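# Inside the fold
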Amino acid sequence: MSKIGKAIYEIENLSDTAQKDIWLNNLNPTVKLFVTLLYISLTVSFPKYDILGVLSMALYPLVIFTLGDISFRIALHRLRFVLPIVAVMGIFNPIFDRETVATIHGVSISSGWFSFLTLMIKGILTVFATYFLIATTTIEKICYSLKKLHLPQIIVTQILLMYRYIFVLLAEVKKITLAYELRAPGQKGVHFKAWGSLVGNLLIHTFERAQNLYDSMCLRGYTSEFRIQGNVKIRAADIIFLLGTSALFVVFRIFSVFELAGSLIEKILKI
C-alpha cells in the first residue's frame, strides 16, 4: 500500500472507530469536548518542575484507553509525527537552565532536565487527550459541540468541510501519483521536473471535484446547517462523567497524588 493509501486508510479507520456503538462514543459530544478542554487547561497549568504532579494526570488517558477499547499502540503510531515536535519544543531547556538540583551517583542533574521532562509529559498527555476526543467522537458531533459553545457558524462549517475535503485531496493525489508511476516504471518518487505540472493538475482536479461535491450538497438542500445522527441530549451518564472527571482533575491539580500515596505507604510500612 502506498503512503497516500495508508493515510486514507488511517483517517477512515479513525472515523470508523468514532462511530462504534460503545458507551464512550455515545456520551454527549459537548460534555466530552468540555472535559477535554478542562483536562488540557489543568495539565498545562502545572509548574515547569512539577513532574509528579503532571504524571498524576496520566491516570485519565490510561483509564480512557482501557475502557474505550482504544489501542495504545495504534494511537502512538498515528501520533508519531506530533510527538517529536513536542520534544523539540523543550530540547533547549537543559542548555539554558543549568542550575543543579540533584546528584545521582555523582552525576549532576540540572533543573533544565526536569522542565524538559515536564514539558514532554504535558505535550504527550494533551495530545493523547485530543486523540481520545477524535477517536470517540465523529467530526459532525465535534462541530455540533463547537456550535453549542457559540463558535461562529462560518468557522464550524469551515472545519467540517475542510475535514471532508481532505479525502477529496488525498484521493486526487493518489490518482495522480499512480498515473505517474505507471508512466515512469522503476523510478523512485516523482522527478522534480514534474512537480509543477503535477501540482497544477492536482489543483485543477481538486477544484473540479470540490465544486461537484458542493453542487450535490446544494441539490440535497444544504443551507450551511448540518445534522448529526445519534443522541445529543444530556443524560444522567453524561452528568456523572462530567462531574466525576472534573472533580478528579481538580483534585489531581491541587494535591500531589503520588506524594500523598507515597507518604501513606510509608506510614503503613512503619506500622
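Preceding this section is the structure that the text describes.
In what follows, the accompanying structure is described. (Residues numbered from 1 in each chain as written. Predicted model: local features only at pLDDT ≥ 70, side-chain atom pairs only at ≥ 80, totals over all residues. Heavy atoms only, no water.)

### Here we look at the environment of P47
When you line up the elements, P47 lands in the loop between α2 (29-44) and α3 (51-56). Sequence-wise, P47 and L119 are 72 residues apart; in three dimensions their C-alpha atoms are separated by 9.7 Å. When residues no more than four places from it in sequence are discounted, the contact partners of P47 are T118, K122 and R253. (Helix = DSSP H or I, 4+ residues; strand = E, 2+ residues; numbered from the N terminus. Contact = heavy atoms within 4.5 Å.)

### Details of the side chain of T118
Within the secondary structure, T118 sits in helix α8 (residues 111-136). Ignoring sequence-local partners within four residues, the contact set of T118 consists of P47, K48, Y49, D50, I51 and V54.

### Digging into the pattern of salt bridges
In total, this model carries 1 salt bridge according to the counting rule given. Between D238 and R235 there is a salt bridge whose closest N-O contact spans 3.5 Å. The class of D238 is buried, set by a relative accessible area of 0%. Exposure remark for R235: the relative accessible area of 31% places this residue in the partly exposed category. (Salt bridge = Lys/Arg side-chain N within 4 Å of Asp/Glu carboxyl O. Buried < 20%, exposed > 50% of the residue type's maximum accessible area, 1.4 Å probe, protein only.)

### A word on a nonpolar patch on the surface
A contiguous nonpolar patch, built from V88, I91, F92, I95 and F96 and spanning about 540 Å² of accessible area, is present on the exposed surface. Mapped onto the elements of the fold, V88 is located in helix α6 (residues 83-89). Under the relative-accessibility criterion, V88 is labelled exposed at 54%. (Patch = residues over 30% accessible without salt bridge, like charges linked within 9 Å, V, L, I, M, F, W, Y side chains within 5 Å. Areas by Shrake-Rupley, 256 points an atom, 1.4 Å probe, with all protein chains shown as cover.)

### Quick look at the packing of aromatic side chains
How two aromatic rings sit relative to each other is set out by the distance from centre to centre and by the angle between their planes. By the definition in use, this model includes 6 aromatic pairs. When the ring of Y60 is compared with that of F249, the centres are 4.9 Å apart and the planes differ by 90°; the resulting orientation is edge-to-face. Here Y60 is found in helix α4 (residues 59-67), whereas its partner F249 is found in helix α12 (residues 236-254), with 189 residues between them in sequence. Its relative accessible area of 8% is what places Y60 among the buried residues. Exposure remark for F249: the relative accessible area of 3% places this residue in the buried category. Joined through ring pairs, the aromatic side chains of Y39, Y60, F132 and F249 make up one cluster. The ring of F46 has R253 lying over it, and the distance from NZ or CZ to the ring centre is 4.5 Å. (Phe/Tyr/Trp six-rings, centres within 6.5 Å; stacked < 30°, edge-to-face > 60°. Lys NZ or Arg CZ within 6 Å of the ring centre and 35° of its normal.)

### Topic: helix α11 (residues 195-219)
The end-to-end C-alpha distance of α11 is 36 Å, a good match for the 36 Å that 25 residues give at a rise of 1.5 Å each. Every buried residue belonging to α11 is among L198, L202, T206 and A210, and all of these are buried. For α11, the secondary structure elements touched by its buried residues are α10 (153-183). One or two steps after α11, the chain reaches G221, where phi turns positive at roughly 90°. (Expected span 1.5 Å × (residues − 1).)

### Things to note about α12
Between the first and last C-alpha of α12 there are 27 Å, a value that for 19 residues agrees with the 27 Å anticipated at 1.5 Å per step. The complete set of buried residues in α12 reads D238, F241, T245, S246, F249 and F252. The arc that holds every buried residue of α12, seen down its axis, measures 130°, which confines them to one face. Summarising the geometry of α12, the exposed residues directed more than 90 degrees from the buried face are A236, I240, L243 and I254. (Arc of directions from axis to C-beta.)

### Describing a positive patch on the surface
There is a patch of like positive charges on the surface, built from K3, K6, R80 and K188. Counting through the fold element by element, K188 comes out in the loop between α10 and α11. (Lys, Arg positive; Asp, Glu negative; His and termini not counted. Charge placed at Lys NZ, Arg CZ, Asp CG, Glu CD.)

### Remarks on the nonpolar core
In this structure, Y39, M57, Y60, L125, Y131, F241 and F249 are the most contacted members of the largest nonpolar core, which totals 30 residues. Among the elements of the structure, α2, α3, α4, α8 and α12 are those that each provide at least two residues to this core. Residues I139, I142, L146 and V156 belong to the second largest nonpolar core, which totals 8 residues. (Core = buried A, V, L, I, M, F, W, Y, C linked by side-chain atoms within 4.5 Å.)

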